[in-house]
Structure formats: structure tokens, C-alpha cells
Amino acid sequence: MGIDQLYQNLEKMKKLLMTLIILGLGSSALAQTYNTFEPSKTQFMLRGYGHTGFEYLDTGGEQESTFLGATFAPIFLYKHSDKLMFEAELEFELEGNELKTGLEYADVMYVLNKHMTVRAGKFLLPFGTFMERLHPAWINRLPSRPLGFGHDGIAPASDIGVELRGAFDLGGPKMNYAVYVTNGPRIKDGSEEPEEAGMLDFGYYEDVNLAKALGGRIGLLPLSDSSMEWGISAYTTNSTGAEDSDYKEVGAFLWALDLSYVKSITPLQGVVDIKAQYNSSNVDTATYYEIEDGISEPYSFDNQSSSFYTQLSYRPIMSGSDFMKQLEFVGRYSDFNAPEGAEWEEKSTQYAFGLNYWLSWRSVVKLSYQTTKMEGGHDSDGTTRTNGLFVHWAIGF
């Protein structure tokens, strides 16, 4: 190859390289022109809680003691942007010889403005404050729930629908609110469990009628330090039965009052925490059927129920002793009244006393004594008294 030909080849390579550089710069400029996406602000977080423990129960002649299988409740939080978020909680619990799994909630949230947030999916209902804010094991100051909450309770815990919530500063006092529309509860007609005819069942994934439930809560924090909150809640539907059933027109109206007061009191050298909630359930009167001697007998009753609890806890965080600072003393009273004439008629009262030791701000060992007096109920027509000793260890993460 001659010198002239080599020079010509180098010139061609030089032109090709310049062309590639120009094309590269052009494509980069074009990409910058059309790429309007901001850098990703997505964040993912795993939180949750778990607990285990030991329980001893004495029902007046029958004793039971058992170590509890651990409960694990992971909470998944995903932030897509400053306005769009997703949350979900799963629950894994060893009960008897089985592993029970459940979806506590799973919903999408969108921040409309500083006063309004909308969410949709399955969410904890702001009916009072206990189920939405206080039921996790490391937040609940006692190992058990008050009467009227949980299985066979009258306070709804969660449902599927859409909710609008937010808060306002009233120039010292503050107010929060929540309004929601959900699928609503179903009434038990007694066809599968005759002893529970007339009960409301909450948390179904699909609606069985065209009606929806409407609910809401308003909370007022009257003090400038937000140490006290009063709340009123309501939850109503005009149909709790299936669309083609005799109970389609059976409606329900539930309401609740709640109180929270948390204050650091210098003369007491500690923090006082007071919680209370009253629940009322009113279901339209309907006719149910019981089988006696092979004959179906109709009956009805005034389907009104109520429950109440109040709780006081004290933690001496200003004490000079590091050990005393970690202690917390708790007492709670609760009662539950189911309708007279129902197969599940019941009048119960419960006293619970506890001593907690906080290993950290989110890990606690709870020692509690509880006594419950029940008149009626599913399994007895008389009066029973159950005393229990509980030791639980709960941790949030």
C-alpha cells in the first residue's frame, strides 16, 4: 500500500469518526429535548410487628395453660412519588395446629392537597380509634383487646371501598376528618350458624347487594398541645342481606364516641395516657328461625348491642431510676351487651391490670391479670367467670 493510499484511508476514517460523534451529540440533544421525566423518587420500606407469649386461663373448674405461637405481621410501604403511595399489611398467626394468614389492609393513597388524601382498597375503618390506631400488639398496652372488638365484636375493623381524609388547623385547636364508602357488612341469617343469627359480619371482599355502607369520623383536638382528642363516628347501610334474600331490606346504623388524652405531668413524674371508646350497633328487626324437635320456629328480637372500654396507663419517665423509667402500669375496664332474645345474648364485664417493661420504644414485655364475668354467650346460659394470667412479648420493627 502506497503512502497516498494510506493517507486517503486515514482521511476516510477521520470523516467517519466525526460523523459518528456528530450523530451521537445529536441523539443526546434529542433525548434531552424529549425526556421530561424527573429522577425517580420511589421508596420502599418494610415495617411491621410480631408477638408471642404464655397464657393461663381458669374458668372455674377448668384450667388451660399454653405457650402461644408467634404472630408475624409485615407491613409494606411503597412511595411512588410525593403524592402517590401504597400500603399493605399481611398477618401470619399460629392458632391451634394451623397457620392462619390474612390481609389486614391493602390500599393506594393519593395526596390531593395538604388538607385532603384519598385512598382506595381495603383499609382499616376510622370507627373510633382502637382498631385503626391501637390494636397492633406493641401499641396495645394489654395482651388482649377490650370486649366488643375482634371476633363476634360489634365494632367494624376494615372494609373495601374509597375514603377521603384530612386535617385542619383551627388556629390552636385542630380537627381531623374521614369520610368513606365501602361494601358494608353482611347479616348472618342463621342458615350456617344458627346461634349467630342476627350478627353483623364485617370485612367481606365482595358485596352481595347493590347498597353500600357510608361512614365517617370527626376528631377534635381542643388543646393547643394536642394532648386531648374527642371523636365521633358513624357507619350505616340500608341493606345487609343478599340481593335475592329475605334480609335485603335489613339495615344497620352504628356509631361510636372516643377519647384520647396523653400528657406529661410533672408532679406525677411521668406520662398519663387515657383511652376510651363507646360503640353502639342498631340492626333492623328481622325474623330468624330455630329448629326445635325437627320443627322450624320463627323468632325475632330487638337487635341492639353496645360495648365500652376505658383504659388508664402511667409511665414514670421522669423518675431518677433507669429501671422505673422503663415500667408502665395499666388498668382497663370494658363491657359488652348483646341483644336480649338472641341466641348470642350476652352481658359481660372485664377488668384487666398490667405491668409492662419497655426494652426499647417499640419492644415491650407485658404481664397482665384479667378477670371476665359473662352472663349468657354462645356456650352457656348461665354465668361464667374466667380469670387469666398473660405474659406477652411484642416488638415493632
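Since the model is a prediction, treat every value here as computed from it, not as a measurement.

Cut-offs used in this document
- Residues numbered from 1 in each chain as written.
- Predicted model: local features only at pLDDT ≥ 70, side-chain atom pairs only at ≥ 80, totals over all residues.
- Heavy atoms only, no water.
- Helix = DSSP H or I, 4+ residues; strand = E, 2+ residues; numbered from the N terminus.
- Buried < 20%, exposed > 50% of the residue type's maximum accessible area, 1.4 Å probe, protein only.
- Contact = heavy atoms within 4.5 Å.
- Areas by Shrake-Rupley, 256 points an atom, 1.4 Å probe, with all protein chains shown as cover.
- 1 Å grid on protein atoms, 1.4 Å probe; cavity = no way out; pocket = protein on both sides within 12 Å on 5 of 7 lines; lining within 4 Å.
- Points joined across faces, edges and corners; volume = space filled by probe spheres on them.
- Phe/Tyr/Trp six-rings, centres within 6.5 Å; stacked < 30°, edge-to-face > 60°.
- Polar contact = N/O pair within 3.5 Å; in protein donor to acceptor, adjacent residues only side chain to side chain.
- Core = buried A, V, L, I, M, F, W, Y, C linked by side-chain atoms within 4.5 Å.
- Pairing = 2+ DSSP bridges.
- Salt bridge = Lys/Arg side-chain N within 4 Å of Asp/Glu carboxyl O.

Trainee: Help me out: how do you make sense of the overall build of the protein chain in this one?
Mentor: Broken down by element type, the protein chain carries 3 helices and 20 strands. Going through the 397 residues of the protein chain one by one, you find that 38% of them count as buried. Put simply, of all contacts in the protein chain between residues at least 6 apart along the chain, 57% involve residues at least 24 apart. Accessible area of the protein chain: about 22,200 Å², with a carbon and sulfur share of 60%.

Trainee: Got a minute to help me understand the layout of surface pockets in this structure?
Mentor: Any space left empty among the atoms is revealed by the rolling of a water-sized probe across them. Taken as a whole, the second largest pocket holds about 440 Å³ of empty space. Taken together, 23 residues line the second largest pocket, and the ones lying closest to its centre are I75, E87, E89, Y105 and P136. Mapped onto the lining of the second largest pocket, the elements with two or more residues apiece are β1 (43–58), β2 (63–79), β3 (84–95), β4 (98–113), β5 (116–124) and α2 (130–134).

Trainee: Just to check I follow, could you spell out the packing of aromatic side chains for this structure?
Mentor: Aromatic ring pairs are defined here through the distance separating the ring centres and the angle between the ring planes. For the coordinates displayed, the defined rule picks out 21 aromatic pairs. Each ring, one from F202 and one from Y235, has its centre 6.2 Å from the other, and the planes form 55°; the classification is tilted. Taken as a pair, F202 in the loop between β9 (200–201) and β10 (213–221) and Y235 in strand β11 (residues 228–237) lie far apart in primary sequence, 33 residues in all. Accessibility classification places F202 together with Y235 in one group, the buried group. Members of the aromatic cluster, each reached through a chain of ring pairs, are Y247, Y288, Y299, F301 and W344.

Trainee: What should I look at first to understand the side chain of H392 in this one?
Mentor: Turning to its location among the elements, H392 is positioned in strand β20 (residues 383–396). A polar contact is formed between the side chain of H392 and the side chain of E55, at a distance of 3.3 Å. Not counting residues within four places of it along the chain, the set of residues in contact with H392 comprises H51, T52, G53, F54, E55, L68, P143, V364, V365 and K366.

Trainee: How should the nonpolar core be read in this particular structure?
Mentor: Burial of nonpolar side chains together is a common tendency in soluble globular proteins. Within the largest apolar cluster, 33 residues are counted, with the highest numbers of intra-cluster contacts made by I187, L200, Y235, L254 and Y288. Among the elements of the structure, α2, β12 (252–265) and β17 (327–338) are those that each provide at least two residues to this core. Aside from chain neighbours lying at most four places away, what touches I187 is G198, M199, L200, T240, G241, Y247, V250, V283 and Y288. Core analysis: the next-biggest nonpolar cluster, separate from the first, contains 7 residues, Y49, W138, W358 and A394 among them.

Trainee: Help me understand the pairing of strand β15 (residues 295–299) in this model?
Mentor: Remember that side chains alternate between the two faces of the sheet whenever the strand is regular. Here strand β14 (residues 288–292) pairs with β15 via 5 bridges, running antiparallel. Its bridge partner being in β15, Y288 is matched across the sheet by Y299. Following β14, the chain reverses through 2 residues before pairing antiparallel with β15; D293 in that reversal takes a positive phi of roughly 55°.

Trainee: What's the story with the pattern of salt bridges in this structure? I'm lost.
Mentor: In total, this model carries 17 salt bridges according to the counting rule given. For the salt bridge of E132 with R165, the shortest nitrogen-to-oxygen distance reads 2.5 Å. Of the two residues, E132 is situated in helix α2 and R165 in strand β6 (residues 158–169); the sequence distance between them amounts to 33 residues. Notably, a salt bridge pairs E229 with R133, separated by 2.9 Å at the nearest N-O pair. Linking E229 in strand β11 with R133 in helix α2, this pair joins segments that are 96 residues apart in sequence. The exposure class assigned to R133 is partly exposed, which follows from its relative accessible area of 34%.

Trainee: What should I look at first to understand the environment of K347 in this one?
Mentor: Mapped onto the secondary structure, K347 falls in strand β18 (residues 346–360). On a C-alpha basis, the gap between K347 and T383 in space is 9.3 Å, while along the polypeptide they are 36 residues apart. Look past the residues within four positions of K347 in its chain and what remains in contact with it is F336, N337, K373, M374 and E375.

Trainee: Where do I start with the side chain of S233 in this structure?
Mentor: Tracing the backbone through its elements, the reader meets S233 in strand β11. Excluding its chain neighbours within four sequence positions, the residues that come into contact with S233 are P126, F127, G128, G216, R217, L254, W255, A256 and D258.

Trainee: How should I be thinking about the pairing of β10 in this particular structure?
Mentor: Pairing analysis gives 9 bridges linking strand β7 (residues 174–182) to β10, with the strands arranged antiparallel. Residue pairing across strands places Y180 opposite G215, the latter belonging to β10. In this structure, β10 lies alongside β11, joined through 7 bridges in antiparallel fashion. Along β11, the bridge assignment pairs G215 with Y235. A loop of 6 residues connects β10 with β11, the two strands running antiparallel in sequence, and S226 in this loop sits at a positive phi of about 55°.

Trainee: Just to check I follow, could you spell out the environment of E89 for this structure?
Mentor: Position of E89 relative to the elements: it lies in strand β3. Residue classification places E89 among the buried residues on the basis of a relative accessible area of 2%. Only 3.1 Å separates the side chain of E89 from the side chain of Y49, close enough to count as a polar contact.

Remember that the coordinates give geometry; whether it matters functionally is a separate question.
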